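Observations on chain architecture
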Amino acid sequence: MWEETNMVMIDNAVYVAGVRVASPLGIDQTLPALESHPDGFAWVGLYRPDTAELHALATDFGVHELIVEDASQGHQRPKFERYGETSLTVLRSARYLDAEERVDFGEVHVITGPRTAIVIRHSEAPNFAETRRGLEAEPARLAEGPQAVLFAVLDEIVDGYEPVLAGLENDIDEIEDALFSGGHEQSQRIYELSREVIAFQRAATPLPGMLVSMAARLPADAIEQRRALRDVGDHVTRVIERASAYRSLLENALTVNAALVGQRQNDETRILTEASLRQSEEMKKISSWAAIIFAPSLIGSVYGMNFHNMPELSWEWGYPFSIALMVGFAGLLYGIFKKKHWL
């Protein structure tokens, strides 16, 4: 049934009363080990199995085909679904990458049955090694069976949200500092952060409903398990509230950024307009003086032509008359331009 594949098996163990009693080296050895311990359950950790491997897993462990279909399709929203005695829980993990200043999202599928807990990781983190060691250090918790594994994985993923929120908060603080210190071009960074916060909300928002469904299916005497779910629920509520606050901050930051950019553009337009007006005034002055100078030049150039038969050329008062005409014409133009405030 189970053939050798390229799938990575993170860990594989059979537990009885919360104590590891067997560590099968392969998935094909897990079922025989489980059958030899009727009171135990198996916890299998897998990394990115393909569809064929999941179908083989379903055949060996009696997993419903619909669960296999869901588990083989990545990029799903968090959900909790039951198929008879087997359930599928889809969770979205998140980690903050300091070097890149961005959030890396992952996906984890947990298949739980009466005697099996199969944790399928489709991303680099988290690896749940510490989660397994922590449960193995508390046999009383691990003795609760596959549900204890599911709740521990859920708690690990929710705990991982806290560093992400801290990283997002730091990024938002940097944006606010940049906005009010003159760095107005923050639109792209705000948009990128908004997308990350929205993706984070999509990962966390379905969890309260999932926790309610899980709690409703617990036995009446599962007091500790209900308490564990309540603790996770309280943490999830705080996470969702902080994510909502961050989204509101980013929306306000985008509004402020748009206003600051608009104000800067208005200031630049005003400066350009004032410069254009000053240039226009200078051109008026230049044009006015050119016109004033043009009048005497015209008269002087006419009288400078070498023709004998020109009016007033041999007139005794011809020279004073021409000078007076030049001055008068220039004065007339000066008065007109002065009245129009060109000079």
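Each value, and the rule that gives it
- Residue positions are counted from 1 within each chain, in the order its sequence is given.
- Per-residue local features of the predicted model are confined to residues with pLDDT of at least 70, and side-chain atom pairs are confined, for both listing and counting, to 80 or more; whole-chain, interface and lining totals are unaffected and use all residues.
- Only heavy atoms go into the side-chain values, all of them from the structure, while hydrogens and water stay out.
- Pairs of strands are assigned from DSSP output, requiring at least two bridges between the strands.
- Counting from the N terminus, the helices are DSSP H or I runs at least four residues long and the strands are E runs at least two residues long.
- To obtain an axis, a line is fitted to C-alpha atoms, over the contacting stretch when the element is a helix, and the angle between two such axes runs from 0 to 180 degrees between their N-to-C directions.
- Any two residues having at least one pair of non-hydrogen atoms within 4.5 Å are treated as being in contact.
- Here, nonpolar core refers to any group of buried Ala, Val, Leu, Ile, Met, Phe, Trp, Tyr and Cys residues whose side-chain atoms link them within 4.5 Å.
- Three labels apply to residues, based on accessible area from a 1.4 Å probe with only protein chains included: buried if under 20% of the type maximum, exposed if over 50%, partly exposed otherwise in between.
- For every residue, the predictor states its confidence as a pLDDT score lying anywhere from 0 to 100.
- Working definition: a ring pair exists when centres of Phe, Tyr or Trp rings (six-membered ring for Trp) sit within 6.5 Å. Plane angles under 30 degrees give stacked, over 60 give edge-to-face, the rest tilted.
- Both a distance and an angle decide whether a charge sits over a ring: NZ of Lys or CZ of Arg must be within 6 Å of the ring centre and within 35 degrees of the ring normal.
- The span expected for a helix works out to 1.5 Å for each residue beyond the first.
- By construction, the arc corresponds to the directions joining the helix axis to the C-beta atoms.

**A look at the sheet that holds strand 7 (residues 116-121)**
Pairing is mixed in the open sheet, where seven strands are placed in the order 2-1-3-7-6-5-4. Edge positions in the sheet fall to strand 2 (19-22) and strand 4 (79-83), since each has one partner strand and no second. Put simply, the sheet's adjacent strands are angled 25 degrees from each other on average, direction ignored. Two strands pair when backbone bridges link them, and strand 5 (residues 86-97) and strand 6 (residues 102-112) are joined in this way by 11 bridges, in the antiparallel orientation. Across the sheet, the residue bridging to Leu97 is Arg102, located in strand 6. The sheet contacts of helix 8 (residues 187-204) involve strand 5 and strand 6, and relative to strand 6 the element is tilted by about 15 degrees.

**Some words on the nonpolar core**
Formed by 52 residues in total, the largest nonpolar core has its most connected members in Val153, Leu154, Tyr161 and Met214. Tallying contributions element by element places helix 10 (residues 223-303) first for this core, with nine residues. Not counting chain neighbours up to four residues away, the residues in contact with Tyr161 comprise Arg92, Ser93, Ala94, Phe200, Ala203, Ala204, Leu207 and Val239. Membership of the second largest hydrophobic core comes to 17 residues, among which are Ile27, Leu54, Val63 and Ile111.

**Quick look at the pairing of strand 1 (residues 8-16)**
As defined by bridge partners, strand 1 adjoins strand 3 (residues 41-47) across seven bridges and the pair is classed as antiparallel. Directly across from Val8, in strand 3, lies its bridge partner Tyr47. Two elements, strand 1 and strand 2, share three bridges in a ladder whose sense is antiparallel. Residue pairing across strands places Val16 opposite Val19, the latter belonging to strand 2. Hairpin connection of strand 1 to strand 2: two residues between the antiparallel strands, including Ala17 at a positive phi of 55 degrees.

**Considering unusual backbone geometry**
Not every positive phi belongs to a glycine, and Ala17 is a case in point at roughly 55 degrees. Under the relative-accessibility criterion, Ala17 is labelled exposed at 56%. The residue Glu101 is not glycine, and still its phi comes out positive at about 50 degrees. Overall, Glu101 belongs to the partly exposed group, its relative accessible area being 31%.

**A word on the environment of Pro126**
On the secondary structure map, Pro126 appears in the loop between strand 7 and helix 4 (129-136). Distance in space between the C-alpha atoms of Pro126 and Val153 is 9.5 Å, their sequence separation being 27 residues. Contacts of Pro126, omitting those with residues within four sequence positions, involve Ser93 and Arg121.

**Overview of the confidence of the model for the protein chain**
Of the residues in the protein chain, 89% have a pLDDT of 70 or more, and the chain-wide mean is 83. Taken element by element, the protein chain is modelled with least confidence in helix 11 (residues 318-339), mean pLDDT 75, and with most confidence in strand 2, mean pLDDT 94.

**Let's talk about the packing of aromatic side chains**
Evaluated as defined, the whole model comprises three aromatic pairs. With 6.2 Å between their ring centres and 45 degrees between their planes, Tyr15 and Trp43 make a pair best called tilted. Highlighted residues: Tyr15 in strand 1 and Trp43 in strand 3, separated in sequence by 28 residues. By the burial criterion, Tyr15 is buried, and Trp43 matches it. Taken together through their ring pairs, the aromatic side chains of Tyr15, Phe41 and Trp43 make up a single cluster. Above the ring of Trp43, the side-chain terminus of Arg132 is found at 4.0 Å from the ring centroid.

**Some details on helix 7 (residues 161-179)**
When the terminal C-alpha atoms of helix 7 are compared, their 27 Å separation across 19 residues agrees well with the 27 Å that a helix rising 1.5 Å per residue should span. Three or more residues of helix 7 are buried, namely Tyr161, Val164, Leu165, Gly167, Leu168, Asp171, Ile172, Ile175, Ala178 and Leu179. With its buried residues spanning 160 degrees around the axis, helix 7 presents them on a single face.

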